[in-house]
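Residues per chain are reported as follows:
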Amino acid sequence: MFDKDTYIRRRSTLKQLVGHGIIVFFGNNEAPYNYPANAYAPMRQDSSFLYYFGQHRDGLVGVIDIDNDEEWLLGDDIDVEDIVWMGFTPSVADLAAEVGVMKTAPMAQLKGIVGGRPIHFLPPYRHDTKIQIMDLVGLHPSQQKEKASLELIKAVVKMRATKEPQEIAAIEEACHVGYMMHSYAQMLIQPGIKERFVAGQVDGIARSMAQGNSFATIFSQHGEIMHGAPTDAPLEDGRLALCDAGCELNDYCSDHTRTMPVNGKFSQRQLEIYSIVEECHDYVLDVAKPGVKYMDVHFAVCRRMTERLKELGLMKGDTDEAVRAGAHAMFLPHGLGHMMGMDVHDMEGLGQIHVGFDEETRPNLEQFGTNCLRMGRRLEEGFVVTDEPGIYFIPALIDEWKQSGHCKDFLNFEKLETYKDFGGIRIEDDILITKDGCRFLGTNRIPYHPQELEEFMKDNEKRINTHPFDNSDKH
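Residues numbered from 1 in each chain as written. Predicted model: local features only at pLDDT ≥ 70, side-chain atom pairs only at ≥ 80, totals over all residues. Heavy atoms only, no water.

Okay, a negative patch on the surface next. Together, Asp 76, Asp 77, Asp 94 and Glu 98 make up a region of like negative charge exposed at the surface. Its location among the elements puts Asp 94 in helix H4 (residues 92–98). What makes Asp 94 partly exposed here is its relative accessible area of 42%. (Patch = residues over 30% accessible without salt bridge, like charges linked within 9 Å, V, L, I, M, F, W, Y side chains within 5 Å. Areas by Shrake-Rupley, 256 points an atom, 1.4 Å probe, with all protein chains shown as cover. Salt bridge = Lys/Arg side-chain N within 4 Å of Asp/Glu carboxyl O. Lys, Arg positive; Asp, Glu negative; His and termini not counted. Charge placed at Lys NZ, Arg CZ, Asp CG, Glu CD. Helix = DSSP H or I, 4+ residues; strand = E, 2+ residues; numbered from the N terminus. Buried < 20%, exposed > 50% of the residue type's maximum accessible area, 1.4 Å probe, protein only.)

Soluble globular proteins tend to pack their nonpolar side chains together in the buried interior. Core analysis: the largest hydrophobic core is formed by 149 residues, its most contacted members being Leu 14, Phe 25, Ile 273, Tyr 294, Phe 331 and Leu 411. Here this core gets 13 residues from one element, more than from any other, and that element is helix H9 (residues 165–188). Dropping the residues within four chain positions of it, Leu 14 is found in contact with Ile 23, Phe 25, Tyr 52, Ile 64, Leu 152, Ala 155, Val 156 and Met 159. (Core = buried A, V, L, I, M, F, W, Y, C linked by side-chain atoms within 4.5 Å. Contact = heavy atoms within 4.5 Å.)

Together, Val 80, Ile 83, Val 84, Trp 85, Met 86 and Phe 88 give the surface a local cluster of nonpolar side chains, amounting to about 790 Å² of exposed area. Along the chain, the position of Val 84 falls in helix H3 (residues 80–86).

Once that is clear, we can look at the pattern of salt bridges. Enumeration according to the criterion identifies 35 salt bridges in this entry. Measuring nitrogen to oxygen at the nearest pair gives 3.4 Å for the salt bridge that ties Arg 308 to Glu 311. Within this pair, Arg 308 and its partner Glu 311 are both found in helix H12 (residues 294–311), separated by three residues, close to a single helical turn. The exposed category is assigned to Glu 311, whose relative accessible area is 62%. Note that Glu 380 and Arg 377 form a salt bridge whose closest N and O atoms lie 3.6 Å from each other. Residues joined by salt bridges that share partners form a network here, namely Arg 9, Arg 10, Glu 164 and Glu 167.

Most of strand S1 (residues 22–26) is tucked away, with five of its five residues classed as buried. What you see with S1 is no split at all: Ile 22, Val 24 and Phe 26 on one side and Ile 23 and Phe 25 on the other are buried throughout. As judged from the two bridges shared by S1 and strand S7 (residues 119–120), these two strands associate in the parallel manner. Opposite Ile 22, over in S7, you have Ile 119 as the bridge partner. In this sheet, strand S4 (residues 61–65) lies alongside S1 in antiparallel orientation, the contact comprising five bridges. In the strand pairing of S4, Ile 23 is matched with Ile 64. (Pairing = 2+ DSSP bridges.)

Here we take up the sheet that holds strand S10 (residues 240–245). Here three strands make up an open sheet; going across it, the order is S9-S10-S13 and the pairing antiparallel. Looking at strand neighbours, the two that pair on one side only are strand S9 (218–220) and strand S13 (256–261), the edges of this open sheet. When strand polarity is set aside, the average angle formed by the axes of neighbouring strands in this sheet is 10°. Here H9 sits on the sheet in contact with S10 and S13, set at roughly 15° to S13. (Axes fitted to C-alpha atoms, helices over the stretch in contact; angles between N-to-C directions.)

On to the environment of Tyr 419. The residue Tyr 419 is located in the loop between helix H16 (413–417) and strand S16 (424–426) in this model. According to the relative accessible area criterion, Tyr 419 is buried, its value standing at 4%. Taking the C-alpha atoms as reference points, Tyr 419 and Pro 395, separated by 24 residues in sequence, lie 8.5 Å from one another. Apart from residues lying up to four places away in sequence, Tyr 419 is in contact with Arg 269, Glu 272, Ile 273, Leu 314 and Phe 393.

Between two packed helices, what matters for the description is the angle formed by their axes and the separation of those axes. It is at 8 Å that the axes of H9 and helix H17 (residues 450–457) come closest, and there the two elements cross at 65°. On H17, the residues touching Ser 183, Gln 186 and Met 187 of H9 are Leu 453, Phe 456 and Met 457. For the contact of H9 with H17, the residue count by class is four nonpolar, two polar and no charged. (Nonpolar A, V, L, I, M, F, W, Y, C, P; charged D, E, K, R; others polar.)

We now examine the packing of aromatic side chains. In this structure the tally under the stated criterion is twelve aromatic pairs. Look at Phe 2 and Tyr 252: their rings are 6.1 Å apart centre to centre, the planes differ by 40°, and that puts the pair in the tilted class. Within this pair, whereas Phe 2 is found in the segment before helix H1 (4–18), its partner Tyr 252 is found in strand S12 (residues 252–253), the two being separated by 250 residues in sequence. For the pair Phe 2 and Tyr 252, one class covers both residues: buried. With a centroid separation of 5.8 Å and an interplanar angle of 80°, the aromatic rings of Phe 331 and Phe 393 are classed as edge-to-face. Of the two residues, Phe 331 sits in the loop between helix H13 (319–325) and helix H14 (352–355) while Phe 393 sits in the loop between strand S15 (390–392) and helix H15 (395–404), which places them 62 residues apart along the sequence. Residues Phe 331 and Phe 393 agree in their burial class; the two are buried. (Phe/Tyr/Trp six-rings, centres within 6.5 Å; stacked < 30°, edge-to-face > 60°.)

Nothing here speaks to function; it is geometry throughout.
So, in structure tokens, the structure goes:
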């Protein structure tokens, strides 16, 4: 939680942006895991509720009555039975005072406070919230996403997209834990260790050094599967392992990806592909800056990637024509990155059309690959976005395009056949858009340059006997 004045200022700005009416922010409730008393833990508060009201307790609703200049925090105080099991929890009035809200009431009074007026609400994503909205305004859950307040969505996106200095500091801290997560994975990786074991160690760091994971850890030798979950498969000599993981700390996220040779040494073929991804990843630092569309950065990376793949004989033809035709999506079927902040895909639940795009920049939903571009709008100082190019060899996609002849003028299918066992490579870091350009977030860079990475992994047996948080000289 930040200081009280932060939340007072944010709500004041929001009132000015929305201008009229009554805004209702629904906090999250506990969610049962497999029976009512066994809930997912820890409870994760709704990010927009946190942004304006700052409190993590379940069962809260924040109301901002713009027309009457009133702010409310609603919720039920806990009773002694709850205290026996859960310990002391401050009263709703105390929670409200901590964030500068003057009025409180039990949840049963919400309908009376709203007074039958239309409300501004954000698109709900939990079923219990949908029921609350239906009870409050009589709107069926099937209609709620469509009826969510566009004025409120745009105002929240405008505010949350530009990160305040204290938010940037929180992301930097999360990135430091991300460094520990990924560098420890690099210490552990060696033939014979199971994917699930490495992923579990990564998750343990997120849970012991932060609030937990910012998303489910991706760890797999099948890097060509975008969201490859860890399995019981042992790591195999000669293969690549991809780790995509992040943590959440002080309500802000990190998100990094590294791809490593299981035996600690890239083969020549692996190095050729890896060096292209490395170059594209670093190229973003040269072109991303305020005023530039991230869609243009994406396609600049795609052209750079196409040129390099042509050198290896995997692509052919005119580079610009190949990219316009979407031939590069054979290798990069996703966008270059996404917004990041309180959510790892920041504000995605508010509608990507409002978060990653705007009236000027619209998505292309028709072309394969480009339809997965999450962030295309012009960059502004204070934006935090991910930089995550990759090259993947997906056997089913190769077969389908080869059979249909799709982009045959730009792809060498005969050579692609020899890469079906390759897997995939992705390198990802979080970047802050600064006044004149951009920079990586986090004080420590997770090794990714090939020579540096190989050197770091060289003596894994010695490294895994050293705790990753040990700052002594032996580390």
